Amino acid sequence: MKADQEKLLNSYAGKIPLSVLEEIKENVPGTISKEKFQEVMDKCLIAYNNAKVHAGECVGLVAAESIGEPGTQMTLNTFHLAGVAEVQVTTGLPRIIEVFDARKGIKTPMMEIFLNKPYCLDVEKLRKFAATIKETKFEEFVSEYNLNIFDQNLTIKLNKELLDDNDLTVKDINGIIKTKVKNFSVSITDEVIVIGLKGKQDEIKDLYALKEKIKEVKVKGIKGLKQVLPVKRGEEYVILTAGTNLKDVLALSEVDSTRTVSNDIYEIYNVLGIEAARQAIIDEVYKVVESQGLNVNIRHVMLVADLMVANGTVKGITRYGVVSEKASVLARASFETPLKHLFNAALEGEVDNLTSVVENVMINQPVPIGTGLPGLVTKMK
Amino acid sequence: MTLDINKHHLIPKHSKLSDAEKGKFLDSYKIDIKSLPKILIEDPAIVNLKPTAGDVIKIERESKTAGITIYYRAVING
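In short, a report on the structure.

In this section: the interface of chain A and chain B. Of the residues lining the interface, 33 residues belong to chain A; the matching set on chain B comes to 29 residues. Both faces considered, chain A and chain B share a buried interface measuring about 2,400 Å² in area, 61% of it formed by carbon and sulfur atoms. Remark: the boundary between chain A and chain B carries 3 salt bridges. Put simply, chain A and chain B have 12 residue pairs in polar contact (both at pLDDT 80 or more) between them. Every element with two or more residues in the side of chain A that touches chain B is listed here: helix 2 (18-27), helix 11 (265-272), helix 12 (274-291) and helix 13 (298-308) of chain A. In terms of residues, the side of chain A that touches chain B owes the most to one element, helix 12 of chain A, which gives 8 residues. In terms of residue class, the side of chain A that touches chain B is built from 17 nonpolar, 10 polar and 6 charged.

Okay, the nonpolar core next. All names here are of chain A. Counting 61 residues, the largest nonpolar core has I239, L272 and I281 as its most contacted members. Considering each element in turn, this core owes the most residues, 10 residues, to helix 12. If you look at the next biggest cluster of nonpolar residues, it comprises 23 residues, including V142, L154, L197 and V217.

Take the sheet that holds strand 1 (residues 13-16) of chain B next. Residues and elements named next belong to chain B. Pairing is mixed across the open sheet formed by 4 strands, whose spatial order is 1-3-4-2. Two strands close off the open sheet at either side, each with one partner strand: strand 1 and strand 2 (38-40). Here the strands of the sheet are splayed against their neighbours by 40 degrees on average, with no regard to which way each runs. With 3 bridges connecting them, strand 2 and strand 4 (residues 67-76) associate as parallel partners. In the strand pairing of strand 4, K38 is matched with A74.

The rules we used
- Residues numbered from 1 in each chain as written.
- Chains lettered and ligands numbered in written order.
- Predicted model: local features only at pLDDT ≥ 70, side-chain atom pairs only at ≥ 80, totals over all residues.
- Heavy atoms only, no water.
- Contact = heavy atoms within 4.5 Å.
- Buried area = accessible area lost by both parts, 1.4 Å probe.
- Salt bridge = Lys/Arg side-chain N within 4 Å of Asp/Glu carboxyl O.
- Polar contact = N/O pair within 3.5 Å; in protein donor to acceptor, adjacent residues only side chain to side chain.
- Helix = DSSP H or I, 4+ residues; strand = E, 2+ residues; numbered from the N terminus.
- Nonpolar A, V, L, I, M, F, W, Y, C, P; charged D, E, K, R; others polar.
- Core = buried A, V, L, I, M, F, W, Y, C linked by side-chain atoms within 4.5 Å.
- Buried < 20%, exposed > 50% of the residue type's maximum accessible area, 1.4 Å probe, protein only.
- Pairing = 2+ DSSP bridges.
- Axes fitted to C-alpha atoms, helices over the stretch in contact; angles between N-to-C directions.

Keep in mind that these numbers describe shape and distance, not what the molecule does.
What follows is the structure, given as structure tokens:
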């Protein structure tokens, strides 16, 4: 493509989106004359403007139908992958509902950890690294608990082999236990930990409570990563995890902090911000739609995602989320729990200006969409 | 912590509009700053821009359909 053609093409930036300009650039033959090229560009601009959504088009309704209809087919298509050695992840309709409701505490939190070189290519290094980030609790190293009522103490026997496998020594455990256990006397000899009562008023049931508490103490790894699984993705290896902790994982120097993601929208929102959350919503929903072999235009998903993040925080499509922000009482009442909304509105003396769609349907008036949108203004003389 | 989250692929480029740019932008769309979508002042992606409430943040999103789209958000106190 010649320089003056390139110039002409670039003068349309802002009027025509970048991806369309690139498509024109690819498909127009290089030998085209300037006049012809101008004609092509003019036609493209007209075609693009005609393809735009018209003012008053009810895009939300179209999006709801376009996502909802394939959703009905998805319900039947959900299946479980029994015996597959991957981390079990919620997919299908349950996952879509989870994302659109913007639930806190999702069913199967999961991370995809990408690694820097050389970890992403070397299996051995990768395995070692994976073992270090897995959250390991104290109870995994215990072979025997013994609550001795006669001596009023708790004896814990450690499993030496497991400790060696994890590159831990009794000394490490000693340090962790000493910082976590207070108000009790602790003595450690070899692999045996003896915890006794200190104060006179303490009872044996305190020891029992301590035993339950001590089981959950984190010995090593990153909090929340319950399972780690190295998987090959194309040329490189990545680590899939059950449980998430995006903030701590991104801080590790071995981790590629530009690509590592979690599937928890709230976590992404807290760590990476609102725009990242929007992108994550689109990615997560579209991943499910594609995996089910359905065909939903991504623009619908983008519209819903934009709505969910419009006020700076992630709001679900629920009566506590975006619906609660609607200005009209009748619109809120038409979604869920109508009586609650009507009573509260009556108590507060709320005014409904009937500016939106649902409330106008309810009172049998033309709705402000399409040709119902423009109003007539008369100049009074 | 030296981690720069703005290099993350999920985060599009954020930049702050100057006062002149902001006025021009609001005029060109004939809108009030209140009608813009919001972003919280403590949002991790904009802390290094040191925004104040009432600023307009320009966001250059990579879009699957349009290549690059430009979006604007008004900074609000959380």
